[in-house]
Amino acid sequence: MSLPNQAPARYAVVGNPISHSRSPLIHAEFAAQTGERIEYGTLLAPLDGLGACVAGFLADGGAGLNVTLPFKEQAFEWARARGGVITARAIAAGAVNTLRFDTGEVLGDNTDGAGLVRDLQQRHGVVLQGSRVLLLGAGGAARGAAQALLACGVAALLIANRSPGRARALVDELADQRSSAIEWPDIGSQSAQLVLQATSAAFTGGVLEVPAAIFAGQPFCYDMTYAPRSTAFLEQARQAGCHRGADGLGMLVEQAAESFMFWRGIRPQTEPVYRSLRAQLDAA
Ligand code: ATR
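Now for a description of the structure that goes with this document. (Residues numbered from 1 in each chain as written. Predicted model: local features only at pLDDT ≥ 70, side-chain atom pairs only at ≥ 80, totals over all residues. Heavy atoms only, no water.)

Details of helix α1 (residues 23-34)
If you check α1, its first and last C-alpha atoms are 16 Å apart, about what 12 residues at 1.5 Å a residue would give, namely 16 Å. Within α1, the full set of buried residues consists of Ser 23, Pro 24, Ile 26, His 27, Phe 30, Ala 31 and Thr 34. One side of α1 holds all its buried residues, which, seen down the axis, span an arc of 160°. Contacts made by the buried residues of α1 are with β1 (9-15), β2 (38-44), β3 (64-67), α10 (249-264) and α11 (271-283). Positive backbone phi, at 80°, marks Gly 35, one or two positions downstream of α1. (Helix = DSSP H or I, 4+ residues; strand = E, 2+ residues; numbered from the N terminus. Expected span 1.5 Å × (residues − 1). Buried < 20%, exposed > 50% of the residue type's maximum accessible area, 1.4 Å probe, protein only. Arc of directions from axis to C-beta. Contact = heavy atoms within 4.5 Å.)

Brief notes about unusual backbone geometry
Of the consecutive residues Asn 16 and Pro 17, the connecting peptide bond is found in the cis state with omega at 5°. With respect to the secondary-structure elements, Pro 17 resides in the loop between β1 and α1. The omega torsion of the bond from Leu 69 to Pro 70 falls at 0°, within 30 degrees of zero and hence cis. Along the chain, Pro 70 falls in the loop between β3 and α3 (72-81). The phi torsion at Gln 218 lies on the positive side, around 55°, for a residue other than glycine. Looking at where Gln 218 falls in the secondary structure, it is placed in the loop between α8 (201-204) and β11 (220-223).

Structure representation (C-alpha cells):
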C-alpha cells in the first residue's frame, strides 16, 4: 500500500479517440479497493505523434500508461527504440498496451491476452485446453488473442479473415502446427467449441457477415467488443438459436486488472467493477 504523504503516482490511457475510455473509472475503482494512491487520466495523442506524447508524460514524472487503439503496435516499437524491457507476451503479440516508467527503465507489457483468457475461463467457465477455436479476424486484436489461446493449450486454432492473405500471414507468423487458415466462405463447415469475434467491424461501422451454420454446434460465442445489452455478433448467434456467449466487457476489466498488477504488484478484485460497468452499460 502507498504511504499517505506520498504524491499519488500518475497513470493515464493514451489513444485516439480517447474520451470514450472506461479505463479511468476502472482504475479509480481498483485504487479505492486496494488503497493504492494513484491518479489516472486520459491522453489524446495525435495519430502521428504517439512517441512525443508518451515521452512528454514520462518526462513529467508519469509512472505508467495504458495504450489503446490505434497505438499498441507503435507503443511496442517506441519501447523497443528506447531500449525498454518488453515482456515475452508483448513480444509475442508484437504490441504493447501497458508501459511502466517508475523503475528507472521503460517496461512494456501486453495484458490483453491474459485478460481475454481470464475472462473466458474464470468468468464464463470456458474450457480452452484441448478445444477447437474458430477465430474471426486477423488484425492486431486477433493476433494477441491467438497467442494467448495457443499458450493455453487449445487443440486447434482456425483463423478466418475477410482478406484471406492476412489470415495466412498470421498463421505463418504464429508458426504453430495447431493453427490453420480457413477461407471465409468455408467457415460454416467448421466445427468449433469456441467462436471468437476479433474483427473491428463494430468500430468501423461495417457489418460482419457470417453464415448461421457457424452457430449450429452450440459453440460458446465470444465477441471481443462490447455494447449495451448485446452486440451485433451475439445477436446473430442468438437468432441462430445459440445462446451461449459473452461480450468483451469482462476482458476489458481483466486486462485492466493485469495492468494494475504490473504497475502496483497487487491484484484487484474484478467482479464488483465488472458488475457495476455492466449495469451502467445496460442502463445506457
Ligand atoms: P484491430 O487492431 O482492431 O484488430 P486491424 O488490425 O485494422 O484492427 O484489423 C481489423 C480486422 O477486422 C481485420 O481482420 C479486418 O479484416 P480485413 O483484413 O479483411 O480488413 C477485420 N474486419 C473489419 N471490418 C470487417 C468486416 N466488415 N467484415 C469482416 N472483417 C472485418
